[in-house]
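# A closer look at the structure
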Amino acid sequence: MNIEHNKSLKEYNTFGIDVTASEFVKVTSETALKDLLLKDPKKRFFIISGGSNMLLTKDIDTLVLHIAITGITVVEEFKDSIIISANAGENWHDFVLYCINQGYGGLENLSLIPGYVGSAPIQNIGAYGVELKDTFVSCEAIHISSGEKHIFSNKDCKFGYRNSIFKSDVKDEFIITKVTFKLSKNNHILNTSYGAIENALKENGITSPTIKDVSEAVIQIRQSKLPDPNEIGNSGSFFKNPVISIDHFSRLQKTYPDIPFYKIDNQTIKVPAGWLIEQSGFKGKRWGDAGVHEKQALVLVNYNNATGVEILDLSKKIQSKIKDRFDINLEIEVNII
Ligand code: EPU
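If you're wondering where the values come from, they're calculated on a predicted model, not measured in any experiment.

### Overview of the layout of surface pockets
In this structure, the second largest pocket spans a volume of roughly 900 Å³. Around the second largest pocket, the lining is made up of 36 residues, and of these Phe46, Ile47, Met54, Asp172 and Ile337 lie nearest the centre. Contributing elements (two or more residues each) for the lining of the second largest pocket: strand 3 (45-48), strand 5 (60-67), strand 12 (174-184) and strand 20 (335-336).

Quick look at the structure:
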């Protein structure tokens, strides 16, 4: 196995932050991964796959494992559905497109999300009314300290809004190697109720959409609002949309009658962080190479050479303003390293 030294991680994180790994290795098989873990059980590792949900604020002085195990397998096929697995190192969007081209439905709303398949369950990726957990069957993961393989069912993963067991109870304990989904082969259940999707389909003159039409609509929406990490470094939504009490919301609504919201239950309301940030005057602003995206205020961007600390400082500035103005604590969604 080829261990590289003093390797820049700029290409391995979608924020494009230029930190260095003291040691770096690309892992292309499960056997190689197990061998590495068992060779020195006390060694510490840092796992990076698509690097699409992290902000690197310092050099990494442990061995960085870049998980690049690829492959897609049909596990079982039924009349109306299919069980399909993808290895952790498959590019998420390529996997979504592969499924759509085969006629398998369920992932179309999750088109164009950056990152790899293996990271998708960690934060239960979601967009336009659909979350990974809706089609997720199970995942395989290697226990870092023992090298043993575990299988986590949908229930085991304790999925929540941008959350799972891999961000809580077993944080940093496992490396996900494979994810299995149940997708539809016909009678697809399309989720087009999200306003932006409805509008895009209408604009495209489509009245009875296919899964491909929905995917194309999602791609169109994302491309119009979200920066392409290959052009401008970013990690998607930097903060979670905060959930506040109905009382708190009613007070805010008196001052800000236009505040958008989604009702969660009788006690709580989710408000879009992007709106709060835009109202606070940050949208499109830039400090050096660290900035707030001009079309979606929830996305912080690295225009070229920002450091992770500069992006983090900007996020703290935003958090403090939102706290002062709306009495809301914005929680960071991206992993800060
Ligand atoms: N808004 C503003 N200003 C902004 C951005 C948004 O006023 O700069 C308002 C919009 O007008 C709209 C509301 O906020 O009323 C919601 O905006 P949008 O539909 O863009 O969605 P979001 O809540 O900002 C969430 C996810 C995105 C996902 C979209 C679509 C989170 C943290 N983010 O964003 O996920 O693509 O919904 O489903 O839940 C990601 O996780 O990286 C991500 C991009």
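### What about the packing of helix 2 (residues 92-102) against helix 4 (residues 211-225)?
At a closest axis distance of 9 Å, the pairing of helix 2 and helix 4 adopts a crossing angle of 155 degrees. The orientation of helix 2 relative to helix 4 falls into the category roughly antiparallel. As for the relative orientation of helix 2 and helix 4, their crossing is left-handed in sense. Where helix 2 approaches helix 4, its residues His93, Leu97, Ile100 and Asn101 are matched on the opposing element by Ile211, Lys212, Ser215 and Ile219. Taken together, the residues of the contact of helix 2 with helix 4 break down into four nonpolar, three polar and one charged.

### A look at the side chain of serine 315
Its place among the elements puts serine 315 in helix 7 (residues 308-326). On the accessibility criterion, serine 315 (0% relative accessible area) is buried. Each residue touching serine 315, except ones within four places of it in the same chain, is listed here: Phe238, Phe239, Leu300 and Ile332.

### Side note on the pattern of salt bridges
All chains considered together, the criterion is met by 17 salt bridges. When the shortest N-O distance is used, the salt bridge between glutamate 30 and lysine 34 registers 3.8 Å. Note that glutamate 30 and lysine 34 are positioned in helix 1 (residues 30-39) at a spacing of four residues, about one turn of the helix. Overall, glutamate 30 belongs to the partly exposed group, its relative accessible area being 21%. When the shortest N-O distance is used, the salt bridge between lysine 133 and glutamate 131 registers 3.5 Å. One salt-bridge network, held together by shared partners, links Glu30, Lys34, Glu140 and Lys149.

### Quick look at empty space enclosed by the protein
Taken as a whole and assessed by the stated rule, the structure comprises one cavity of 30 Å³ or more. What the largest cavity holds in volume is close to 60 Å³. As for the largest cavity, its lining consists of Ser52, Asn53, Trp92, Ile113, Pro114, Gly115, Tyr116, Ser119, Ala120, Gln123 and Ile125. In the lining of the largest cavity, the residues fall into six nonpolar, five polar and no charged.

### What about the site of the ligand?
In the vicinity of the ligand there are 22 residues, among which Tyr128, Tyr161, Tyr194, Ser237 and Glu278 approach most closely. In the model, an oxygen atom of the ligand is placed 2.9 Å from a nitrogen or oxygen of the arginine 162 side chain. Here an oxygen atom of the ligand and a side-chain polar atom of lysine 283 are 3.0 Å apart. If the ligand stood free it would expose 820 Å²; the protein chains cover 81% of that surface. For the shell around the ligand, the elements supplying multiple residues, two or more each, are strand 8 (126-127), helix 4, strand 13 (233-237) and helix 6 (273-279). Among the elements that line the shell around the ligand, the one with the most residues is helix 6, at three residues.

### Some thoughts on the sheet that holds strand 16 (residues 268-270)
Note: strands within a sheet are paired through backbone hydrogen bonds, in either parallel or antiparallel orientation. An order of 14-16-15 is seen for the three strands of this open sheet, with the pairing classed as antiparallel. Here the strands that pair on one side only, and so sit at the sheet edges, are strand 14 (243-245) and strand 15 (262-263). For strand 15 and strand 16, the ladder comprises two bridges, and the chain directions are antiparallel. When the sheet's bridge partners are listed, tyrosine 262 is paired in strand 16 with lysine 270.

Procedures and definitions
- Residues numbered from 1 in each chain as written.
- Predicted model: local features only at pLDDT ≥ 70, side-chain atom pairs only at ≥ 80, totals over all residues.
- Heavy atoms only, no water.
- 1 Å grid on protein atoms, 1.4 Å probe; cavity = no way out; pocket = protein on both sides within 12 Å on 5 of 7 lines; lining within 4 Å.
- Points joined across faces, edges and corners; volume = space filled by probe spheres on them.
- Helix = DSSP H or I, 4+ residues; strand = E, 2+ residues; numbered from the N terminus.
- Axes fitted to C-alpha atoms, helices over the stretch in contact; angles between N-to-C directions.
- Parallel < 35°, antiparallel > 145°, perpendicular 65-115°, else oblique.
- Left-handed = near helix turned anticlockwise from the far one by under 90°.
- Contact = heavy atoms within 4.5 Å.
- Nonpolar A, V, L, I, M, F, W, Y, C, P; charged D, E, K, R; others polar.
- Buried < 20%, exposed > 50% of the residue type's maximum accessible area, 1.4 Å probe, protein only.
- Salt bridge = Lys/Arg side-chain N within 4 Å of Asp/Glu carboxyl O.
- Near = heavy atom within 4 Å.
- Polar contact = N/O pair within 3.5 Å; in protein donor to acceptor, adjacent residues only side chain to side chain.
- Areas by Shrake-Rupley, 256 points an atom, 1.4 Å probe, with all protein chains shown as cover.
- Pairing = 2+ DSSP bridges.

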